[in-house]
Amino acid sequence: MTNRDLYLFLASICDSPAFRERPLDEYLLALWRLTQPHRDSEPVSPGDFRHLLELAFTAEVPPYPEEWRHRAEAGDSPGYAGWEAVLAEQVTDLREMAASGALENPHRYFGLQSPRRHSWYNFDAATYLECAAAGTFGAWIPADDLDSESTPPPTFPPRPDTPPVENDYQTLRRSIHTLTTIPWDLFRGFLRAGQWYE
């Protein structure tokens, strides 16, 4: 599986109306439950990674762990622990933004800050996943298979704690490489890109 395969797969399932109904916090909770049997696997295979992302749209949603409200800020813990800390922070942010009414803001996709002062740009599972894939692995549009150099590149402001990406937009969009493994630290960067990447 290449990074292009993964991006196009996620874009295709996210286009399905059936997958747009699950709120992002519920999607992430389902993803958290699905990853628990893999927590001691380092790294995750690309096939398992793709399967987990798809299953989280329909898997059972576990109750929100109330202790997450009192967790310390997600730090730089390596492996699954660091991944879980970021996911817990994101779910808590989303629930607190919903409770405050912030998610009702029609301009939220221009950016919001959570009550805990974390920046957010993506608030539904489809947009989150597409931006996570684009920000972590690169993105494509159908015109990329043609010569579309006339399309002006958008700009992406840098965000802290995101995985390093190419600065050249066309290179980022069009560089195709095989995914051999998905370490938990890269998966953690994927979560951050889902939150921040535009």
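Details of the structure are given in the entry above.
Since we're looking at a predicted model, the values are computed, not measured. (Residues numbered from 1 in each chain as written. Predicted model: local features only at pLDDT ≥ 70, side-chain atom pairs only at ≥ 80, totals over all residues. Heavy atoms only, no water.)

Undergrad: Where do I start with the pattern of salt bridges in this structure?
TA: Pairs can form between side chains of opposite charge whenever their charged atoms are close. Overall, the coordinates contain six salt bridges when judged by the stated rule. In this structure, E60 and R33 form a salt bridge, with 3.4 Å as the shortest nitrogen-oxygen distance. One end of the pair, E60, is in the loop between α3 (46–55) and α4 (79–100); the other, R33, is in helix α2 (residues 24–35), and 27 residues separate them in sequence. Judged by its relative accessible area of 58%, E60 is exposed. Since its relative accessible area comes to 35%, R33 is described here as partly exposed. Of the charged contacts in the structure, one is a salt bridge between R69 and E96, with a shortest N-O distance of 3.9 Å. With R69 in the loop between α3 and α4 and E96 in helix α4, this pair connects stretches of sequence that are 27 residues apart. Among the residues examined, R69 registers a relative accessible area of 29% and is labelled partly exposed. (Salt bridge = Lys/Arg side-chain N within 4 Å of Asp/Glu carboxyl O. Helix = DSSP H or I, 4+ residues; strand = E, 2+ residues; numbered from the N terminus. Buried < 20%, exposed > 50% of the residue type's maximum accessible area, 1.4 Å probe, protein only.)

Undergrad: Is there a simple way to explain the packing of α2 against α3 in this structure?
TA: Helix-helix packing is described using two parameters, namely the angle between the two axes and the distance between the axes. One way to put it is that α2 packs onto α3 with a least axis distance of 8 Å and a crossing angle of 140 degrees. As the angle between them shows, α2 and α3 are arranged oblique. For the crossing formed where α2 meets α3, the hand is right-handed. Together, Y27, L31, L34 and T35 of α2 and L52, L53 and L55 of α3 make up the contact between the two elements. Taken together, the residues of the contact of α2 with α3 sort by class into six nonpolar, one polar and no charged. (Axes fitted to C-alpha atoms, helices over the stretch in contact; angles between N-to-C directions. Parallel < 35°, antiparallel > 145°, perpendicular 65-115°, else oblique. Left-handed = near helix turned anticlockwise from the far one by under 90°. Contact = heavy atoms within 4.5 Å. Nonpolar A, V, L, I, M, F, W, Y, C, P; charged D, E, K, R; others polar.)

Undergrad: How do you make sense of helix α5 (residues 125–137) when you look at a structure like this?
TA: End to end, α5 covers 18 Å across 13 residues, agreeing with the expected 18 Å (1.5 Å per residue, within 8%). Most of α5 is tucked away, with eleven of its 13 residues classed as buried. When α5 is considered as a whole, its buried residues turn out to be A125, A126, Y128, L129, C131, A132, A133, A134, G135, T136 and F137. Its side-chain oxygen placed 3.2 Å from the backbone nitrogen of A126, D124 serves as the N-cap of α5. Just past α5, the residue G138 takes up positive phi, approximately 105 degrees. (Expected span 1.5 Å × (residues − 1). Polar contact = N/O pair within 3.5 Å; in protein donor to acceptor, adjacent residues only side chain to side chain.)

Undergrad: Sorry if this is basic, but what is going on with the nonpolar core here?
TA: Across soluble globular proteins, nonpolar side chains show a tendency to be buried alongside one another. Counting 56 residues, the largest nonpolar core has Y27, L28, L31, F187 and F190 as its most contacted members. For this core, the elements supplying multiple residues, two or more each, are α1 (3–14), α2, α3, α4, α5 and α7 (184–196). With near-sequence residues (within four places) excluded, F187 lies in contact with L31, F49, L53, W83 and I182. (Core = buried A, V, L, I, M, F, W, Y, C linked by side-chain atoms within 4.5 Å.)

Undergrad: I'm lost on the packing of aromatic side chains in this one. Help?
TA: With the rule as written, the count across this model stands at 15 aromatic pairs. Ring geometry for Y64 against W68: centres 5.9 Å apart, planes inclined by 85 degrees, an arrangement best described as edge-to-face. Exposure class is identical for Y64 and W68. Each is buried. Ring centres of F187 and F190 lie 6.0 Å apart, and the angle between their planes is 80 degrees; this geometry places the pair in the edge-to-face category. Residue F187 and its partner F190 are located together in helix α7, separated by three residues, close to a single helical turn. Across the pair, F190 and F187 agree in class, each one buried. When the ring centre of F9 is taken as origin, the NZ or CZ atom of R50, which lies over that ring, is 4.0 Å away. Its end group placed over the ring of Y64, R95 keeps NZ or CZ at 4.2 Å from the ring centre. (Phe/Tyr/Trp six-rings, centres within 6.5 Å; stacked < 30°, edge-to-face > 60°. Lys NZ or Arg CZ within 6 Å of the ring centre and 35° of its normal.)

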